[in-house]
Structure formats: structure tokens, C-alpha cells
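Next come the chains, spelled out residue by residue.
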Amino acid sequence: DAGKMSYTVEEVGMDAHDVKTFSDVELVVGQRMVTDIKSVIKDNRLHIVDENGKILKEILDDETKLNDADDKVQPVASSNDAAPKHVKLPDSYVGGQKDYEFKNKYFLSANGIFKYVTDNKKAVTVNKAGVLKAKKSSGGPMKIYAMSEAGESISSCSITILDKPKLRFKSRSFTTADIGQIFDAYDFFTTASTRETAADYWTSSNPSVADIDNITGEITIKGKGKTKIIAFFGERGKRGTKKVKATLKVK
């Protein structure tokens with residue numbers, strides 16, 4: 001493919017200075033292309049690794065430094081590294097969530113929009129102002145069409161509506177013996193939405209009782225008292241964001 005560089009095992013390292021786009025490097029073993037290879041920057045060297053993270057060959061030696069601006073790239077984690085427990089599903093909403101900026105996100109360049117039509121009214125609606133209201137799971141990706149007054153489709157986008165987040169535990173109690181313990185805030189939930197997508201943001205109303213990582217939802221028990229653990233689906237502080245709260249007590 002254009003822009004990609006291929007090396008046989010014997011050739012790797014011969015023209016290391018020509019390697020600019022590390023993520024596009026491919027490795028040929030004999031006549032077989034190894035497809036699940038990622039490039040990983042480690043200790044200022046470029047490694048070619050297989051799908052298990054095993055180093056197949058180093059391209060840059062110790063003396064080859066990545067000083068040039070064009071050569072500065074972000075590390076790509078190998079498959080050996082632990083994947084995030086919870087990942088945000090792109091272009092998704094949860095039941096009960098509204099998006100007042102939906103039109104600007106998906107149809108900003110479309111002109112002459114008269115109304116919006118969805119192929120699953122039970123899952124989601126979009127009013128003439130371009131405000132989206134998610135209701136229930138769409139069962140997978142679905143389409144939303146921007147229509148002209150003449151009834152012609154001007155543009156479309158694909159989104160997924162997930163279940164409304166529901167609490168598995170409205171309240172959880174710990175003792176002072178649990179101080180320092182770390183657990184996953186997603187344990188509060190038991191719905192498809194929280195299995196399929198991450199919350200956008202987490203907060204604790206009383207961090208001195210339990211602190212929480214705003215992105216990962218990792219809770220650390222800190223001291224006696226009570227706090228509210230809040231999951232935000234949508235941007236914090238924005239109208240339409242779905243909030244779900246649970247109580248955490250330390251006795």
C-alpha cells in the first residue's frame with residue numbers, strides 16, 4: 001500500500017533512518033505477511049512485535065535517537081499491555097440522554113434541513129431544531145437522515161442507542177478496615193449500556209470518604225463517612241447529560 005514500508009527479516013535495520021511513520025511499518029517473514037504487528041517505541045528504539053508483544057526485531061539501535069521533530073511519535077502499546085476495562089463506544093448514546101448539539105456534531109455542513117427522520121423511532125427521536133433524545137436500545141447501529149422540505153435525504157449519520165443505565169446497587173457499605181481498597185465503580189451497574197460503553201465522567205461528592213478516577217471509575221476508599229458516586233453519560237455540565245447516582249458508605 002502507498003505510504004507503507006515493508007522489510008524482510010534480513011532487511012530490517014538497513015534503512016532505519018528512512019522510517020518516518022512507525023505505525024505503517026510492516027514485516028514480511030519469508031513469503032508471509034505478518035498482519036498483527038504493531039510498532040512500539042521503547043527506550044528510544046523502534047521494535048517490531050508480533051500479536052503477543054514478542055519483539056521480532058529492533059529497527060533502531062541505541063545510538064539512533066529520535067531527535068527530529070518529524071520522528072517524534074506517540075508509543076503504541078503492545079498486545080501484552082492490559083487493555084482498558086471500559087471503553088467509550090463511538091457515536092453512542094444511552095437511554096435518557098439528550099444531545100442539544102447533535103445537529104452541529106453530525107450535520108453542520110448540511111444546508112436546507114427541514115426535519116430529521118430516524119429508522120427506529122422507539123429508540124431515538126430528533127426534533128426540527130436538531131436535538132436528539134435517546135429512549136431505549138436500538139439493538140445496534142441505526143441511521144438518522146436529514147431531510148429537505150421536498151422529502152429528499154440531504155445527509156445521514158449512523159449512531160447506536162444503548163440501554164438506560166440502571167443501578168445494581170443503590171448503596172454499598174464498607175468498614176474502616178477497607179480503607180485503601182480499590183474497586184471498580186462499574187460494579188454499581190448491571191445494564192447493557194455499561195457493558196458496551198464507558199461513562200464519560202465520574203465524580204465523588206466527598207473525596208475524603210472515597211476518591212474516584214474521573215475517567216476510569218476506579219474508586220479508592222479513604223475514610224469514614226458517606227459519599228455519592230455519580231456517573232455522567234454525556235458532557236458534564238451540559239444540558240441533556242444522563243446522570244446516575246449511587247451511595248457509598250464507610251462505617
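Residues numbered from 1 in each chain as written. Predicted model: local features only at pLDDT ≥ 70, side-chain atom pairs only at ≥ 80, totals over all residues. Heavy atoms only, no water.

## As for the layout of surface pockets
So the rule is basically this: Residues are called lining when one of their atoms sits within 4 Å of a cavity or pocket point, these points coming from a 1 Å grid over the protein atoms alone, where a cavity is a set in which a 1.4 Å probe fits but cannot get out and a pocket is an open set with protein on both sides within 12 Å along at least five of seven lines. Grid points are joined across faces, edges and corners, and a volume is the space filled by probe spheres set on the points. A run of H or I in DSSP counts as a helix once it spans at least four residues, and a run of E counts as a strand once it spans at least two, with each numbered from the N terminus. In this classification, Asp, Glu, Lys and Arg are treated as charged, Ala, Val, Leu, Ile, Met, Phe, Trp, Tyr, Cys and Pro as nonpolar, and every other residue, Gly included, as polar.
Empty space within the largest pocket amounts to approximately 300 Å³. Mapped onto the lining of the largest pocket, the elements with two or more residues apiece are β7 (92-94), β8 (98-99) and α1 (102-106). In the lining of the largest pocket, the residues fall into 4 nonpolar, 5 polar and 10 charged. Put simply, the second largest pocket is a space of about 220 Å³.

## Comments concerning the sheet that holds strand β15 (residues 182-184)
Rules: Pairing between strands requires that DSSP locate at least two bridges from one strand to the other. All axes are obtained by fitting lines to C-alpha atoms, using only the stretch in contact for helices, and the reported angles, taken between N-to-C directions, cover 0 to 180 degrees.
Reading across from one edge, β15-β18-β17 is the order of the 3 strands in this open sheet, with antiparallel pairing throughout. Strand pairing shows two members of the sheet lacking a second neighbour, β15 and β17 (210-212), which therefore form its edges. In this sheet, adjacent strand axes meet at a mean angle of 30 degrees when their direction is disregarded. The sheet contact formed by β17 and strand β18 (residues 218-221) spans 3 bridges and is antiparallel. Within β18, the position partnered with Ala 210 by the bridge is Ile 221.

## Remarks on a positive patch on the surface
Applied cut-off: A patch is a set of surface residues, each over 30% in relative accessible area and not in a salt bridge, joined within 9 Å for like charges and within 5 Å for the nonpolar side chains Val, Leu, Ile, Met, Phe, Trp and Tyr. Values of accessible area rely on a 1.4 Å probe in the Shrake-Rupley scheme; residue burial ignores everything except the protein chains shown. Salt bridge, as applied in this entry: a Lys or Arg side-chain nitrogen positioned within 4 Å of an Asp or Glu carboxyl oxygen. In this tally, Lys and Arg are treated as positive and Asp and Glu as negative; His is ignored, and so are the chain termini. Taken as the charge centre is NZ of Lys, CZ of Arg, CG of Asp or CD of Glu, depending on the residue.
A cluster of basic residues, Lys 226, Lys 228, Lys 243, Lys 245, Lys 249 and Lys 251, forms a positive patch at the surface. When residues in the positive patch are grouped by element, the largest group, 3 residues, is from strand β20 (residues 242-250). Tracing the backbone shows Lys 245 in strand β20.

## Topic: the sheet that holds β20
Two orientations exist for strands paired in a sheet by backbone hydrogen bonds: parallel and antiparallel. The strand order β14-β20-β19-β16 describes an open sheet built from 4 strands, whose pairing is mixed. Among the strands making up the open sheet, the edge pair consists of β14 (171-174) and β16 (201-204). With strand direction ignored, the average angle separating the axes of adjacent strands in the sheet is 20 degrees. Where β14 lies against β20, 4 bridges are found, and the strand directions are parallel. What sits directly across from Phe 174, in β20, is Val 250.

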